[in-house]
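# Survey of secondary and tertiary structure
One-letter residues, chain by chain:
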Amino acid sequence: MLEVSKLSATYGQHRALEDASIRVNKGEIVVILGANGAGKSTLLKAVSGICEGQVSGSITMNGTELVGMKPDRIVEQGVALVPEGRGIFGDLSVEENLTLGAYASRAKDAERSSLDKVYALFPKLRERRRQTARTMSGGEQQMVAIGRAMMSNPSILTLDEPSLGLAPLLCKELFQNLKRVRDSGIGILLVEQNARASLAIADRGYLLENAHIIHEDTAEKLANDSAVQKAYLGGAASKQAPVAAPISPPPRPAPSGPSPSEIAAAAMKSIAQPKTEPAPKAPAPKPTPVAAPMPTPPPSTPPTSGGVNGIDINALVNHAREVSAGSLAKPTGSLPSRPATPSTPTSQPRLKMPDLNAHGDRLKSMLAEMEEAAQRARQRNK
Ligand code: ATP
């Protein structure tokens with residue numbers, strides 16, 4: 001079904017993936033194991049059309065070539081990504097987050113039945129459907145992220161290190177949930193550093209080392225392979241050479257600045273705030289645990305003017321930009337309507353900002369999608 005053939009990816013001069021070939025069939029879990037920097041995330045990003053590097057080779061989904069296709073079109077082909085860090089919107093409810101996942105046209109018509117399917121798989125999400133996502137546990141948030149990806153009605157679900165940062169019990173629950181997703185007929189491509197747990201639920205696996213797929217086998221054989229045990233499972237030393245350097249597990253370094261989603265969340269927050277409310281002087285006691293971008297960016301045409309539901313998206317993005325940059329020294333009194341100007345760095349900036357111009361259109365588009373989905377969810381719940 002999903003066939004990756006001789007896939008290479010380079011970032012400038014750096015070759016992160018070279019001639020990688022893998023396949024994922026319906027109803028199987030395929031795990032990619034590899035040390036830090038081996039190229040695992042690059043492989044998943046290339047499959048989802050969001051790799052920042054130069055990609056060559058072939059990725060087909062039921063025979064349709066995906067290389068060069070836009071991310072939203074790839075979702076239409078039935079491939080959905082659960083990104084590392086989950087990428088859920090902390091200020092939205094569980095159901096609003098789920099509904100956001102149904103933007104693909106292959107999913108829109110079946111939104112209600114997809115929601116029922118997700119709730120049937122994860123009954124806890126139905127119980128918590130009105131809960132604000134950021135107040136949920138890490139494991140529950142991961143469930144929301146998986147549920148949202150499933151709302152696009154995928155045939156293949158790809159997940160980038162879903163167990164990262166989860167306590168052992170929650171990890172166990174997560175892997176059980178993935179088995180249930182697989183048993184519903186969906187193919188799963190899983191990148192994991194938790195080799196033991198992932199091999200325990202997987203059907204097959206690949207070892208990725210220094211940008212190359214060096215081995216493929218059934219999960220059972222991989223789990224019992226002494227070299228794999230030594231390299232990935234902390235097993236006893238064997239006479240065989242290790243297939244990869246031992247993995248030093250997370251924690252990863254925290255991102256140096258707010259992600260686009262954090263900025264989007266800040267913008268969402270400002271929707272809820274009265275216009276006269278001043279900018280907060282200090283960070284909220286409990287930060288919004290959103291981290292990564294949407295699984296795949298929504299359709300690439302952002303609203304050009306007028307905003308959505310009376311909300312001026314441009315103003316929101318500019319406002320969020322200023323709030324995040326810490327450049328609102330004084331309360332503004334209202335959302336800014338002037339065009340964005342490059343913020344002057346202060347001597348002690350509160351947050352380091354990424355280049356927002358690169359994300360502006362995508363943010364606007366995300367906000368528009370979010371607002372529309374939230375409206376739909378609210379109307380349904382009336
Ligand atoms: P980890 O388990 O640590 O996440 P990984 O196996 O997922 O590692 P990748 O994130 O795919 O590895 O990175 C593969 C290589 O490509 C690394 O050397 C990394 O530094 C480099 N790389 C990844 N993304 C970029 C980028 N956007 N620009 C430049 N180099 C990159």
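Our structure is the block above this text.
This one's a predicted model, so the numbers in the text were calculated from it and none came from an experiment. (Residues numbered from 1 in each chain as written. Predicted model: local features only at pLDDT ≥ 70, side-chain atom pairs only at ≥ 80, totals over all residues. Heavy atoms only, no water.)

So, on to the side chain of Asp-160. You can see Asp-160 is positioned in strand β7 (residues 156–160). Side chain to side chain, Asp-160 and Ser-41 meet in a polar contact 2.9 Å long. Once residues within four sequence positions are removed from consideration, Asp-160 is found in contact with Ser-41, Leu-44, Val-82, Pro-83, Glu-84 and Val-191. (Helix = DSSP H or I, 4+ residues; strand = E, 2+ residues; numbered from the N terminus. Polar contact = N/O pair within 3.5 Å; in protein donor to acceptor, adjacent residues only side chain to side chain. Contact = heavy atoms within 4.5 Å.)

Time to look at helix α8 (residues 168–183). Along its 16 residues, α8 runs 23 Å from first to last C-alpha, staying within 8% of the 22 Å computed at 1.5 Å per residue. Among all positions of α8, only Cys-171, Leu-174, Phe-175, Asn-177, Leu-178, Val-181 and Arg-182 are buried. Taken down its axis, α8 places every buried residue within 155° of arc, on the same side. Exposed side chains of α8 directed beyond 90 degrees from the buried face belong to Leu-169, Lys-172 and Asp-183. Residues of α8 that are buried make contact with β3 (29–34), α5 (111–121), α7 (138–150), β7, β8 (187–191) and α9 (195–201). Gly-185 occupies a position one or two residues after α8 and carries a positive phi of about 105°. (Expected span 1.5 Å × (residues − 1). Buried < 20%, exposed > 50% of the residue type's maximum accessible area, 1.4 Å probe, protein only. Arc of directions from axis to C-beta.)

To continue, consider the pairing of strand β1 (residues 2–11). Within a regular strand, side chains alternate between the sheet's two faces. Note that β1 and strand β2 (residues 14–24) share 7 bridges and pair antiparallel. Bridging from a neighbouring strand, Ala-9 pairs with Leu-17 of β2. Hairpin connection between β1 and β2: a loop of 2 residues separates the two successive antiparallel strands, and Gly-12 in this loop has a positive phi of roughly 60°. Summarising the sheet, β1 and strand β4 (residues 54–61) pair through 7 bridges and their orientation is antiparallel. The residue of β4 that forms the bridge with Glu-3 is Thr-60. (Pairing = 2+ DSSP bridges.)

Turning our eyes to something else, we now look at unusual backbone geometry. For residues besides glycine, phi is generally negative; the peptide bonds are generally trans as well. Unusually for a residue other than glycine, Asp-19 sits at a positive phi of about 50°. Assessed through its relative accessible area of 43%, Asp-19 is described here as partly exposed. One non-glycine residue, Asn-153, lies in positive phi territory at about 60°. When you line up the elements, Asn-153 lands in the loop between α7 and β7.

All right, on to the pattern of salt bridges then. By the definition in use, this model includes 13 salt bridges. We note a salt bridge from Arg-129 to Glu-95, for which the minimum N-O separation is 2.9 Å. Taken together, the residues span a long stretch of sequence, with Arg-129 in the loop between α6 (123–127) and α7 and Glu-95 in helix α3 (residues 94–100) at a distance of 34 residues. Classification of Arg-129 as partly exposed rests on a relative accessible area of 24%. Of the charged contacts in the structure, one is a salt bridge between Lys-124 and Glu-173, with a shortest N-O distance of 3.9 Å. Here the residue Lys-124 occupies a position in helix α6, and Glu-173 occupies one in helix α8, the gap between them amounting to 49 residues. Looking at Glu-173, the relative accessible area reads 30%, which means it is partly exposed. (Salt bridge = Lys/Arg side-chain N within 4 Å of Asp/Glu carboxyl O.)

One recurring pattern in soluble globular proteins: nonpolar side chains tend to sit buried together. Leu-125, Ile-146, Leu-157, Val-181 and Leu-190 are the most contacted members of the largest nonpolar core, which has 50 residues in total. Not counting the four nearest positions on each side in its chain, Val-181 is found in contact with Leu-121, Phe-122, Ile-146, Met-150, Leu-157, Ile-186 and Ile-188. By size, the runner-up hydrophobic cluster in this structure holds 29 residues, among which are Ala-46, Val-47, Ile-156 and Leu-208. (Core = buried A, V, L, I, M, F, W, Y, C linked by side-chain atoms within 4.5 Å.)

This brings us to the environment of Ser-155. By the element assignment, Ser-155 lies in the loop between α7 and β7. Note on Ser-155: relative accessible area 22%, which makes it partly exposed. Along the primary structure Ser-155 and Met-1 are separated by 154 residues, whereas in three dimensions their C-alpha atoms are 8.7 Å apart.

Quick look at the pairing of β4 now. The sheet contact formed by β4 and strand β5 (residues 64–65) spans 2 bridges and is antiparallel. Counted as the bridge partner of Met-61 is Thr-64 from β5. The turn linking β4 back onto β5 is made up of 2 residues, and Asn-62 within it adopts a positive phi angle of 50°.

Here we take up the environment of Ile-74. Mapped onto the elements, Ile-74 comes out in helix α2 (residues 71–76). On the accessibility criterion, Ile-74 (0% relative accessible area) is buried. Sequence separation between Ile-74 and Thr-64 is 10 residues; the distance between their C-alpha atoms is 9.8 Å. Ile-74 has contacts with Val-47, Ser-48, Gly-49, Leu-66, Met-69 and Val-79, leaving out every residue within four places of it along the chain.

Turning our attention to the sheet that holds strand β10 (residues 212–218). Strand order in the open sheet formed by 6 strands is β6-β7-β8-β3-β9-β10, and the pairing between neighbours is mixed. Here the strands that pair on one side only, and so sit at the sheet edges, are β6 (79–82) and β10. Taken pair by pair, the neighbouring strands of this sheet meet at an average axis angle of 20°, ignoring direction. Of the strand pairs in this sheet, β3 and strand β9 (residues 204–209) are connected by 5 bridges, and their pairing is parallel. When the bridges of β9 are listed, Ile-32 appears paired with Tyr-206. Of the strands in this sheet, β3, β7 and β8 touch α8, which is tilted by about 150° from β8. (Axes fitted to C-alpha atoms, helices over the stretch in contact; angles between N-to-C directions.)

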